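Single-letter residue listing:
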There are 2 protein chains.
Amino acid sequence: MDKQERAGKMSMEWINRKNILIVGLGLIGGSYGMALKRLGYRVLAIDTDKDTIDYAMENGIIDSGSTEVSEEMLGEADAVIFALYPHVFVEWIKNYQQYFKSGIRITDVTGVKTAVVYEIQDILRDDIEFIASHPMAGKETSGVRYSDDRIFRDANFIVVPTERNTPEAVEWCYNMGRILGFRHISVLSPEEHDKMIGYVSQLTHCIAVSLMTCNDDENLVHYTGDSFRDLTRIARINEVMWSELFLDNKEELSGHIERFIEELKGIRDALDRGDAEYLKSKMRLSTERRAKFDKVRK
Amino acid sequence: MDKQERAGKMSMEWINRKNILIVGLGLIGGSYGMALKRLGYRVLAIDTDKDTIDYAMENGIIDSGSTEVSEEMLGEADAVIFALYPHVFVEWIKNYQQYFKSGIRITDVTGVKTAVVYEIQDILRDDIEFIASHPMAGKETSGVRYSDDRIFRDANFIVVPTERNTPEAVEWCYNMGRILGFRHISVLSPEEHDKMIGYVSQLTHCIAVSLMTCNDDENLVHYTGDSFRDLTRIARINEVMWSELFLDNKEELSGHIERFIEELKGIRDALDRGDAEYLKSKMRLSTERRAKFDKVRK
């Protein structure tokens, strides 16, 4: 498929699926709504919180909203984006999938995949396809009021297919990342995704939290500089969401923590034996890797 | 002393000490020169690198420079700022202190204090006072070409006196932090300083380096987001300087690493036993502390 054909196909797929239902209007759900409405889609939304729906309607984030699971709304949807906590997802599909039209596509925004994707695909009707994806974007704030589709601009979007997904659904989801404005779009298996996310996101959050909680001296706050501020920015954390994400990926995350601790112990042992060469070699390696990484990001 | 008297005293002290010698023109030495020259001081500098001196002269960072320890220049100095690596400091004082005028003041910019301050005060002539200080400012780059006195604006300046220092020297040093444009100026003992710096700066650098070196999967670079970027910004590190700073403060730093590892193990153990409540309570604590800390910085 050449570039033009691909673009043509992308438009057709997206023109044909014009009613998009978002389930869960938090920061990410709201930002999806904002972007999709701007692109001309009709955005429907379900959220249990009345203020959330009212706010989203008043601010043009969605076209239509409901605080209850509306049979009618579910029947209208050409595509569904599930933007709630992982543990709610399975129950939700079990309870409400009968109301969907045949042939629709479902995706999600969940930060862990292995624990969710296979189970959803197992229970889902045969005439509906679930293709998982993960928008690696966020803020230290949550809720629809902080919706902002600019958070996608410099972010990664990961499509996470299994062997049961069709190439068409992968393409559809890939293009969703494109039209939402993500900078990098990749395709990973659920296992690859969870290994990666355990390192680049979950481990970093564990580190930030531990750095903040390992020292009770409140005076130290007055002496913090850029480096401490950088390392703890993400220590302000939504504990309900993140504890669930951590536990849903606990084998991978636990392994990453273990390897990180071993590395840090290496530094401590080098300090104890006064081994400047060891310290320097680790610093050279980290400098080299971080420099390459700056290059990739540019 | 009221505010006006203090200001008066500050000016007199500073007017009377108008020839400032900077030994070592790196990023910090150069930035000091830039700020002091702008304030009307005559800035002299010694650095072994000819390019460094040439660059600083051509760009108006200093008034006069030498690549050798010039007897004449040392004799002119009313105050000396030592901005070289810690281990050079003691030897330098031993070799050259005889050329200084009586009554001058010496300070430094060294990132560790206990390992340096007492020894310098022990070997220094009785008619010269060394008052230690630490400008907690920097960049991921080094060298005089990156000099920039704006790095002081949002930074901490710590005066680090011992029992042997006079109140006048403490005041002089405190005011130096003020006129250089630092945002917060504090006074700490060498021991308090090293405990603090071990946590807010050295531990954070150890974490950033270890996070960068604990995983050899080069593909992961493509998936990093803001959080990983924030946590590893300082992983680009001057290995000569930092390995020396770490080793000069190894007891404190080793203790901080140990406490941090214990905290992180707490998270890993909670993952292993599926303890969501433990995870949430740590996240709540870190969120609360980080929020307070944002408040203090504003």
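A quick note: this is a predicted structure, and the numbers were derived from the prediction, not measured.

Trainee: Can you walk me through the packing of aromatic side chains in this structure?
Mentor: The description of an aromatic ring pair uses the distance of the two centres, along with the angle that the planes make with each other. In total, this model carries 21 aromatic pairs over all chains according to the counting rule given. Between Phe89(A) and Phe130(A), the aromatic rings sit 5.3 Å apart at their centres with planes inclined by 80°, giving edge-to-face as the arrangement. Residue Phe89(A) is found in helix 5 (residues 86-96), and its partner Phe130(A) is found in strand 6 (residues 129-130); the two are separated by 41 residues along the sequence. Judged by its relative accessible area of 2%, Phe130(A) falls in the buried class. Where Phe82(B) meets Phe89(B), the ring centres are 4.1 Å apart and the plane angle is 15°; that geometry is what we call stacked. The pair Phe82(B) / Phe89(B) is uniform in exposure class, with both members buried. Among the aromatic side chains, those forming a connected cluster through ring pairs are Phe82(A), Phe89(A), Trp92(A), Tyr96(A), Phe100(A) and Phe130(A).

Trainee: Please explain the pairing of strand 5 (residues 105-108) of chain A as it appears in this structure.
Mentor: The two faces of a sheet get side chains in turn, since along a regular strand they alternate between them. Residues and elements named next belong to chain A. Burial along strand 5 is two-sided: the face carrying Arg-105 and Thr-107 and the face carrying Ile-106 and Asp-108 are both buried. In terms of strand pairing, strand 4 (residues 79-82) meets strand 5 through four bridges, oriented parallel. In the strand pairing of strand 5, Ile-81 is matched with Thr-107. In the classification by handedness, the crossover that spans strand 4, the intervening helix 5 and the parallel strand 5 is right-handed. As paired strands, strand 5 and strand 6 are joined by two bridges and run parallel to one another. Opposite Ile-106, over in strand 6, you have Phe-130 as the bridge partner.

Trainee: For this particular structure, what's the right way to read the pattern of salt bridges?
Mentor: Should their charged atoms come close, side chains of opposite charge can pair. Under the criterion given, the structure shown has 44 salt bridges over all chains. Between Asp230(B) and Arg233(A) there is a salt bridge; the shortest N-O distance is 2.4 Å. One end of the pair, Asp230(B), is in helix 9 (residues 226-232); the other, Arg233(A), is in the loop between helix 9 (226-232) and helix 10 (239-248), on a second chain. We note a salt bridge from Asp78(B) to Lys101(B), for which the minimum N-O separation is 2.6 Å.

Trainee: Explain the relation of the copies chain B and chain A to me, please; I cannot follow it from the model alone.
Mentor: Note that the two copies of the chain are related through a rotation about an axis and a translation along the same axis. Each copy of the sequence occupies a distinct position, and chain B is placed on chain A by a rotation of 180° and an axial shift of 0.0 Å, giving an RMSD of 0.0 Å. Such values leave the two copies arranged in the relation of a two-fold axis.

Trainee: Help me out: how do you make sense of the interface of chain B and chain A in this one?
Mentor: Reports often express the size of an interface as the amount of accessible area lost when the parts come together. Facing 83 residues of chain B, the contacting portion of chain A comprises 83 residues. With both sides pooled, the region where chain B packs onto chain A buries about 8,400 Å², and carbon together with sulfur makes up 66% of that total. The interface formed by chain B and chain A contains 10 salt bridges. Measuring nitrogen to oxygen at the nearest pair gives 2.1 Å for the salt bridge that ties Arg268(A) to Glu258(B). Counting the contacts that link chain B with chain A gives 35 residue pairs in polar contact (both at pLDDT 80 or more). Per-class residue counts for the side of chain B that touches chain A are 40 nonpolar, 18 polar and 25 charged.

Rules used in this analysis
Residues numbered from 1 in each chain as written. Chains lettered and ligands numbered in written order. Predicted model: local features only at pLDDT ≥ 70, side-chain atom pairs only at ≥ 80, totals over all residues. Heavy atoms only, no water. Phe/Tyr/Trp six-rings, centres within 6.5 Å; stacked < 30°, edge-to-face > 60°. Helix = DSSP H or I, 4+ residues; strand = E, 2+ residues; numbered from the N terminus. Buried < 20%, exposed > 50% of the residue type's maximum accessible area, 1.4 Å probe, protein only. Pairing = 2+ DSSP bridges. Right-handed = clockwise from strand over helix to strand, strands pointing away. Salt bridge = Lys/Arg side-chain N within 4 Å of Asp/Glu carboxyl O. Least-squares fit on C-alpha atoms with pLDDT ≥ 70 in both. Contact = heavy atoms within 4.5 Å. Buried area = accessible area lost by both parts, 1.4 Å probe. Polar contact = N/O pair within 3.5 Å; in protein donor to acceptor, adjacent residues only side chain to side chain. Nonpolar A, V, L, I, M, F, W, Y, C, P; charged D, E, K, R; others polar.

Just geometry here; none of it tells us what the structure is for.
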